[in-house]
Every structure is written in C-alpha cells, then in structure tokens.
Amino acid sequence: MSSIQFFFEDTHKLNINHNFIINQVESLILNELYKPGDISVIFCSDEYLLEINRQYLKHDYYTDIVTFNYVEDSVISGDLFISLDRVKENAMIFHVGLYEELYRVIFHGILHLIGYNDKTDAEQIQMRQKESYYLGKVDFDGLGI
C-alpha cells in the first residue's frame, strides 16, 4: 500500500487538497505502469532547498525541486523537496496559476522517480510533453482547494 505525505519546512503552509494531489500522483504512476510506494512531498523555502542542493548534490544555485529516489523494482518511492518560493516566482514568470505550477513541479519530480531525465534537449522535450499531458488531466477550475 502506498503512502504519500506532505510536510512544510521553513515556509508557511499552503492550502492544498491532499487527497486530490494523491489521486493525481497515483494515477500518473499507474498510467506509467508502475506502483505507488512511499512518497514524501516536502514544501520548503528557497534557502532550505539551496542548502539541500549544496549539501547533497554539490550544486550552488536555486531550483524548484530536488528529488531523492528510493525506487525499488516497479515501486515508485522518494522524497520531493519543493521550493514554494520558486514555484510562486515561476508561476508569475510563465503566466500560469500557482496550483498549475505546483502540480507541474510535483509531476516533474514523480517523472524523475519513474526514470525520465531532463539533461539533454531531447530529454527536456520528452519531460515537458509528459508534464503537459498529466497537467491536461487536472481540472484546476474544479480543484476544490
């Protein structure tokens, strides 16, 4: 049985519909022919995520997500650290709603756990296509935050 949990570190709590996100994530994983496992989604500040990026990945820059992969066989498990500061800023930059950007980042992290990468141009195109496909399945108007 899967467990998807949400945490807030060094940031204010965001009003999110936990069950709706869980259903979307589980649907994505099952659609990709995997099984949902234990996933933690940790919402945090830019500074909190920058420190994780420095400490574990040796990267000294801000990012919207850092994913730690604990996948075993076909069971998708991991930790998604998401900067709410980056999500808010990117939503403004890309002229999309906050929750649409939030879901994009969550889906991005889940897709990384499944095995999709975004290092090359071709991988980035495939990742964006997958994100867009799954975002297209979300009714943001009826989200029921």
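Thresholds, definitions, all that
- Residues numbered from 1 in each chain as written.
- Predicted model: local features only at pLDDT ≥ 70, side-chain atom pairs only at ≥ 80, totals over all residues.
- Heavy atoms only, no water.
- Phe/Tyr/Trp six-rings, centres within 6.5 Å; stacked < 30°, edge-to-face > 60°.
- Lys NZ or Arg CZ within 6 Å of the ring centre and 35° of its normal.
- Helix = DSSP H or I, 4+ residues; strand = E, 2+ residues; numbered from the N terminus.
- Buried < 20%, exposed > 50% of the residue type's maximum accessible area, 1.4 Å probe, protein only.
- Contact = heavy atoms within 4.5 Å.
- Pairing = 2+ DSSP bridges.
- Axes fitted to C-alpha atoms, helices over the stretch in contact; angles between N-to-C directions.

Caption draft 1: Layout of the packing of aromatic side chains. Evaluated as defined, the whole model comprises 10 aromatic pairs. Each residue in the set Phe20, Tyr103, Phe107, Tyr133, Tyr134 and Phe140 is aromatic and connected to the rest through ring pairs, giving one cluster. When the ring centre of Tyr62 is taken as origin, the NZ or CZ atom of Arg86, which lies over that ring, is 5.6 Å away.

Caption draft 2: Broad picture of unusual backbone geometry. The backbone of Leu33 sits at a positive phi, close to 70 degrees, despite the residue not being glycine. Looking at the secondary structure, you find Leu33 in the loop between α1 (18-31) and β2 (35-44). Its relative accessible area of 73% is what places Leu33 among the exposed residues.

Caption draft 3: Spatial organisation of the environment of His112. Residue position: His112 is located in helix α4 (residues 98-114). Those residues in contact with His112, other than ones at most four positions away along the chain, are Thr67, Asn69, Asn117, Asp118 and Met127.

Caption draft 4: Local environment of the sheet that holds strand β4 (residues 75-83). Taking strand neighbours across the sheet as the criterion, the four strands line up as β1-β2-β4-β3 in an open arrangement whose pairing is mixed. Looking along the sheet, the strands with just one partner apiece sit at the ends: β1 (3-9) and β3 (65-69). Taken pair by pair, the neighbouring strands of this sheet meet at an average axis angle of 15 degrees, ignoring direction. With five bridges joining them, β3 and β4 adopt antiparallel strand pairing. Bridged to Ile65 within β4 is Ile82.

Purely spatial values, then, with no claim about function.
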